[in-house]
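Overview (structure and organization)
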Amino acid sequence: MNTNIPYLVTQDAIPPLLAYCSQTGHQRYFLIADHNTYRVLGQRAEAALSNSGFDVKTILLTGKEISTDEHYITRTLIETNGEDRQFIAVGSGTITDITRFVSHRTRASFISLPTAPSVDGYTSTVAPMVVGQYKAPIQAHPPAAVFADLPTLCAAPAAMIAAGLGDLLGKYTSLADWQLGQLLYDEPYDTGIQEMMRKSVDETVSIIDELSEHTSSGITRLMDGLVGSGFGMLAFGDSRPASGSEHHLAHYWEIKFILESRPAVLHGTKVGIGTIITARRYEQLRQMSRQEAEKRLAAAALPKRETLLAEINAGYGPVSEKIISIQEPLFQMKNSDLENLKARILNHWAEIQSIAKTVPQAEQIAGWLSAVGGPTAPGEIGLSPDEVTLGMRSAHYLRDRFTINRLAFWLGIP
């Protein structure tokens, strides 16, 4: 996978966009935007491209809540009308993912013009699509280039900037989960990518005051961290470095909101809250002695198939079948497999504790989010205590990965 994607944060993203388009030799483009992103950057990009001799057609997505679902995907595909054009995505996560998917399926490339430092998925190969009320990661492709207009990023709504920080802070727990998966389940791992991503998050929180004031340096650092996270996933080949228990919680609540037709909440906002909850789980782990872990593991047994099915059905309702298919390895687990896992956990207890110590305190993570005006409690986004508990019990079924939530499952931590 090519990770040499041109990326630039600049005071004016239009000149490098024009230069890049000239270099590629492409003359015909679809520009994808919504009313807000067209107003803040799309209209300027459209005019500049047209004045420079490029043939640009704008597809303006409208609606109260634009999402990456069948409606908007189909609508965008219809408006392309089979024309041979490259794409320019002017927007944040949703617009980028719609463009990513449509350009991939029409065998075209796309350029990303971010309008907010709100997500780490700009350079991702995956487009999260809502299909049949279930949000699934669909393989697509990364942008050919990313040009970020700094004044536009700085003027983004505060909630979107806080969401971007929430998504980035999630790396603290996802990186710890990634290490657990490698240590206890032989999942693929890369030390270099782990160190690069950890450094990026540390550098961002070190200038939290600048970020809270939306200064150019603070916003640039956040954007660099988010895009760097995307490059980390791109280099590794999947989302493990950047998506762990905190993201699984966010995705679980996202599915719940879709199923119940509740107002959408920014992805990074949910990730930030999920990170605080996951950090508390790591605090529990740090406080647990090996003796207590041994006692808990001795009581652990393979759950019956009917028990697992009932729990997944209780957590996922209409989309349970999709989750059950993902968890087939868990259903196929044997007693000997569990005993080997128990022994491995105990044999590596000191290393597990060391991994747990790499996660900042939940209170510290909440403080960073509060500094930029981000929500820190589930109730602030409409989640009840029961929904939080259900998420902590059910979210680990979303992926076949070993995380702190899967470890808590075997240790009997509620």
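Structure shown above.
1. Digging into the layout of surface pockets
By volume, the second largest pocket is sized at about 240 Å³. Taken together, 16 residues line the second largest pocket, and the ones lying closest to its centre are Glu 311, Arg 393, Phe 409, Ile 413 and Pro 414. In terms of residue class, the lining of the second largest pocket is made up of eight nonpolar, five polar and three charged.

2. Some thoughts on the packing of aromatic side chains
Within this structure, the stated rule accounts for 10 aromatic pairs. Within the aromatic cluster, the residues linked to one another by ring pairs are Trp 178, Tyr 189 and Phe 236. Between Arg 85 and the ring centre of Phe 30, over which it is positioned, the NZ or CZ distance is 5.4 Å. Against the face of Phe 331 rests Arg 305, its NZ or CZ located 4.4 Å from the ring centre.

3. Structural notes on the sheet that holds strand β2 (residues 28–34)
Strand order in the open sheet formed by six strands is β1-β8-β5-β4-β2-β3, and the pairing between neighbours is parallel. Edge positions in the sheet fall to β1 (7–10) and β3 (55–61), since each has one partner strand and no second. The sheet shows a mean angle of 20° between the axes of neighbouring strands, taken without regard to direction. Examined bridge by bridge, β1 and strand β8 (residues 145–149) share four bridges and lie parallel to one another. Bridge pairing links Val 9 to Ala 148 in β8. Contacting β2, β3 and β4 (86–91), helix α3 (residues 70–80) runs over the sheet at an angle of about 155° to β3.

4. Considering the side chain of Arg 286
By secondary structure assignment, the location of Arg 286 is in helix α11 (residues 267–287). No salt bridge is formed by the buried Arg 286; the nearest opposite charge belongs to Glu 283, separated by 4.2 Å. Those residues in contact with Arg 286 that sit more than four places away from it in its chain are Gln 353, Ala 356, Lys 357, Val 359 and Gln 361.

5. A closer look at the packing of α11 against helix α18 (residues 362–371)
At their nearest, the axes of α11 and α18 sit 8 Å apart, and the two run at 165° to each other. Overall, the two elements α11 and α18 adopt an arrangement that is roughly antiparallel. Like other packed secondary-structure pairs, α11 and α18 cross with a definite hand, here right-handed. Residues Gly 272, Thr 275, Ile 276, Ala 279, Arg 280 and Glu 283 of α11 lie in contact with α18, whose contacting residues are Ala 362, Glu 363, Ile 365, Ala 366 and Leu 369. The residue inventory of the contact of α11 with α18, partitioned by class, reads six nonpolar, two polar and three charged.

6. Digging into the pattern of salt bridges
Working definition: two side chains of opposite charge can pair if their charged atoms are close together. In the structure shown here, the tally under the stated rule is 27 salt bridges. We note a salt bridge from Arg 28 to Asp 55, for which the minimum N-O separation is 3.5 Å. Note that Arg 28 is positioned in strand β2 and Asp 55 in strand β3, a separation of 27 residues in sequence. One network of salt bridges, in which partners are shared, links Arg 28, Asp 55, Lys 57, Glu 83 and Arg 85.

7. Description of empty space enclosed by the protein
If you walk through the whole model with that rule in mind, you get two cavities of 30 Å³ or more. Put simply, the largest cavity is a space of about 50 Å³. If you trace the largest cavity, you find it lined by Ser 174, Asp 177, Trp 178, Glu 187, Arg 240, Ser 243, Gly 244, Arg 401, Phe 402 and Thr 403. Partitioning the lining of the largest cavity into residue classes produces two nonpolar, four polar and four charged. Computed from the structure, the second largest cavity encloses a volume of approximately 30 Å³. Considering the residues around the second largest cavity, the lining is formed by Lys 171, Tyr 172, Leu 175, Ala 176, Gln 179, Gln 194, Arg 198 and Thr 358. Those elements that provide at least two residues to the lining of the second largest cavity are α6 (158–185) and α7 (191–205). Considering every element that reaches the lining of the second largest cavity, the biggest residue donor is α6, with five residues.

What counts and how
By convention here, each chain's residues receive numbers from 1 onward along its written sequence. Only residues with pLDDT of at least 70 get local features here, since the model is predicted, and only at 80 or more are side-chain atom pairs given and counted; chain-wide, interface and lining totals rely on the full set of residues. Excluding hydrogens and water, the side-chain figures rest on all heavy atoms present in the structure. Two kinds of site are reported from a 1 Å grid over the protein atoms alone, namely cavities, where a 1.4 Å probe fits but cannot get out, and pockets, open sets with protein on both sides within 12 Å along at least five of seven lines, and residues are called lining when an atom falls within 4 Å of a point. Grid points are joined across faces, edges and corners, and a volume is the space filled by probe spheres set on the points. Amino acids are sorted into nonpolar (Ala, Val, Leu, Ile, Met, Phe, Trp, Tyr, Cys and Pro), charged (Asp, Glu, Lys and Arg) and polar (every other residue, Gly among them). Within 6.5 Å between ring centres, the rings of Phe, Tyr and Trp (the latter by its six-membered ring) count as paired, and their orientation is classed by plane angle as stacked under 30 degrees, edge-to-face over 60, tilted in between. Two limits define a charge over a ring: the Lys NZ or Arg CZ must be within 6 Å of the ring centre, and within 35 degrees of the ring normal. A pair of strands is considered paired only if DSSP assigns at least 2 bridges between the two. Secondary structure follows DSSP: runs of H or I at least 4 residues long count as helices, runs of E at least 2 residues long count as strands, and numbering of each begins at the N terminus. Orientation is described by axes fitted as lines to C-alpha atoms, over the contacting stretch for helices, and by angles from 0 to 180 degrees between their N-to-C directions. Contact criterion: two residues are considered in contact whenever any of their non-hydrogen atoms come within 4.5 Å of each other. Residue burial is assigned from relative accessible area. The probe radius is 1.4 Å, only protein chains are included, and a residue is buried under 20% of its type maximum, exposed over 50%, and partly exposed in between. For the purpose of counting charges, residues Lys and Arg are taken to be positive, whereas Asp and Glu are taken to be negative. His and the chain ends are not included. When a carboxyl oxygen of Asp or Glu lies within 4 Å of a side-chain nitrogen of Lys or Arg, that pair is called a salt bridge. Angle categories are assigned with fixed cut-offs, so that under 35 degrees is roughly parallel, over 145 is roughly antiparallel, 65 to 115 is roughly perpendicular, and the rest are oblique. Should the near helix be turned counterclockwise from the far one by less than a right angle, the crossing is left-handed, whereas a clockwise turn marks it as right-handed.

Without other data, these values stay purely geometric and don't point to any function.
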